[in-house]
Amino acid sequence: MIKKVLTIAGSDSGGGAGIQADLKTFQELGVFGMSAVTAVTAQNTRGVHGVYPMDAAAVASQLDAIGEDLTPDAVKTGMLFNAEIIAAAAEAINKYRWENVVIDPVMIAKGGSTLLQQEAIQAMKEVLIPLAAVITPNIPEAEALTGTQIHTEEDKREACRILHQMGARTCLIKGGHEENGDYSSDLLYDGQAFYEMKSPRIETRHTHGTGCTFSAALAAELAAGRAIRRAAETAKTFIQAAIEDTLEIGSGHGPTNHWA
Ligand code: PLP
């Protein structure tokens, strides 16, 4: 039977990130995609023009509609915007006992727009992170969640330990935002061992939606029954190929190519 994956995330009218990136990635990886929309963003490759959050009750209603009929084999969360929507997502995950939960703690778009209110960070730590099979922060997100500064490999390890202590079963910090080096190095920690995934850094401005695409690929692989390391490796290969082959559409930051 085909595996089903749910994304709880925001809509990107430009089609490069958010729900749109997730559903394209699910399709590409052979799983059936479902979605609960948390916010509508008006954006294109040049940036975000507007953010229109859904009522938390509308998010809960979408999640109940899915929970009463369809059982996702994995769930990913992306842009959640505020504490009320975080609470609605956590409540549904608990109520329907959804597993393989991938938390992509989306906070700020590359252009600087707020995708998670500052005061919602605490709610994310308290109610959502403990439900995570894996959390996939980039460096700034890991710093915001752990209250640490990440400059060295040891800093990255310490942030992983803190996120694991907060309740995430696995922590995967993405190295894409590191400024140094010819490599992008992701670090995975399952509470026992660290596992590093390195790939050559690709110089491009077309990276819109990379985080969304990576976490969607990870969720698809977990739904298919892959163990976490193997799922992370496949997701890494997928996003690497997508960044290498980005689409030069629009006049700003093009999206990663989901057909890679
Ligand atoms: N818009 C939405 C709805 C998103 O969920 C995200 C990222 O998670 C972004 C925009 C950010 O895109 P970018 O990769 O350009 O930072």
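Residues numbered from 1 in each chain as written. Predicted model: local features only at pLDDT ≥ 70, side-chain atom pairs only at ≥ 80, totals over all residues.

Participant: Just give me the short version of the overall build of the protein, but keep the residues and values in it.
Facilitator: Along its length, the protein carries eight helices and nine strands. For 260 residues, the compact-globule estimate of 2.2 N^0.38 gives 18 Å, and the C-alpha radius of gyration of the protein, at 17 Å, lies within 12% of that figure. Each principal axis of the C-alpha distribution contributes one length, and for the protein these read about 45 × 45 × 40 Å. Per-residue burial over the protein gives 52% buried out of 260 residues. At a minimum sequence separation of 6, the contacts of the protein that also span at least 24 residues come to 69%. (Helix = DSSP H or I, 4+ residues; strand = E, 2+ residues; numbered from the N terminus. Rg over C-alpha atoms; globule rule 2.2 N^0.38 Å. Buried ≥ 20, exposed ≤ 12 C-beta atoms within 10 Å, placed from the backbone. Contact = placed C-beta atoms within 7 Å.)

Participant: With reference to specific residues and values, describe helix α1 (residues 18-28).
Facilitator: Judged by how many residues are buried, α1 sits mostly within the fold: eight of 11 residues are covered. Along α1, the residues classified as buried are G18, I19, Q20, A21, D22, K24, T25 and F26. If you follow the buried residues of α1, they end up packed against β1 (4-12), β2 (32-44), β4 (74-77) and α7 (210-223). Of the residues flanking the end of α1, it is G30, one or two places downstream, whose phi is positive at about 80 degrees.

Participant: Can you lay out the packing of α7 against helix α8 (residues 228-244) for me, pointing to particular residues and giving the numbers?
Facilitator: Two elements in contact, α7 and α8, have axes whose closest approach is 8 Å; the angle formed by their N-to-C orientations is 145 degrees. When you trace α7 past α8, the crossing you get is right-handed. Between α7 and α8, the contacting residues are T210, T213, F214, A217, L218, E221 and L222 on the first element and A231, A232, T234, A235, F238, I239, A242 and I243 on the second. Across the contact of α7 with α8, the residue classes break down as 11 nonpolar, three polar and one charged. (Axes fitted to C-alpha atoms, helices over the stretch in contact; angles between N-to-C directions. Left-handed = near helix turned anticlockwise from the far one by under 90°. Nonpolar A, V, L, I, M, F, W, Y, C, P; charged D, E, K, R; others polar.)

Participant: Can you lay out the pairing of strand β7 (residues 170-173) for me, pointing to particular residues and giving the numbers?
Facilitator: Along any regular strand the residues' side chains alternate between the sheet's two faces. Of the two faces of β7, the one holding T170 and L172 and the one holding C171 and I173 are both buried throughout. Where strand β6 (residues 134-135) lies against β7, two bridges are found, and the strand directions are parallel. Bridging across to β7, V134 finds its partner in T170. Sheet topology note: the β7/strand β8 (residues 183-189) ladder contains three bridges and is antiparallel. Following the sheet pairing, C171 is matched in β8 by Y189. (Pairing = 2+ DSSP bridges.)

Participant: Lay out the sheet that holds β7 in plain terms, naming residues and giving numbers.
Facilitator: Read from one edge to the other, the open sheet built from nine strands follows the order β3-β2-β1-β4-β5-β6-β7-β8-β9, with strand pairing classed as mixed. Of all the strands in the sheet, the pair left with one neighbour each is β3 (47-53) and β9 (194-200). Sheet analysis places β1 next to β4, joined by four bridges and oriented parallel. Bridge pairing in β4 places L6 opposite V75. Contacting β1, β2 and β4, α1 runs over the sheet at an angle of about 150 degrees to β1.

Participant: Before we move on, could you go through the nonpolar core and cite the residues and values that matter?
Facilitator: Ranked by size, the top nonpolar core spans 80 residues in total, and within it A89, L218 and A219 carry the most contacts. Among the elements that take part in this core, α7 stands out by supplying nine residues, more than any other. (Core = buried A, V, L, I, M, F, W, Y, C linked by C-beta atoms within 7 Å.)

Participant: Summarise the environment of E221; cite the residues concerned and give the values.
Facilitator: Looking at the secondary structure, you find E221 in helix α7. Each C-alpha atom, one on E221 and one on A83, is 28 Å from the other, the two residues being 138 residues apart in sequence. With residues up to four places along the chain from it excluded, the contact list for E221 reads R226, A231, T234 and A235.

Participant: Tell me about the site of the ligand, residues and numbers included.
Facilitator: Taken together, 17 residues lie around the ligand, and G10, A17, G18, M79 and K110 are the ones closest in. Put simply, the parts of the chain that give the shell around the ligand at least two residues each are β1 and α7. Looking at side-chain class alone, the shell around the ligand contains seven nonpolar, eight polar and two charged residues. (Near = placed C-beta within 6 Å.)

Participant: Lay out unusual backbone geometry in plain terms, naming residues and giving numbers.
Facilitator: One non-glycine residue with positive phi stands out, namely F81, at about 65 degrees. Taking the number of C-beta atoms within 10 Å as the measure of exposure, F81 has 23 and is therefore buried.

Participant: How would you summarise the packing of helix α5 (residues 139-146) against helix α6 (residues 153-165) if you had to cite specific residues and measurements?
Facilitator: Contact geometry for α5 and α6: axes closest at 10 Å, N-to-C directions at 55 degrees. With respect to their mutual orientation, α5 and α6 come out oblique. For the crossing formed where α5 meets α6, the hand is left-handed. Contacts from A142, L145 and T146 in α5 reach A159, I162 and L163 in α6. Classifying every residue of the contact of α5 with α6 gives five nonpolar, one polar and no charged. (Parallel < 35°, antiparallel > 145°, perpendicular 65-115°, else oblique.)

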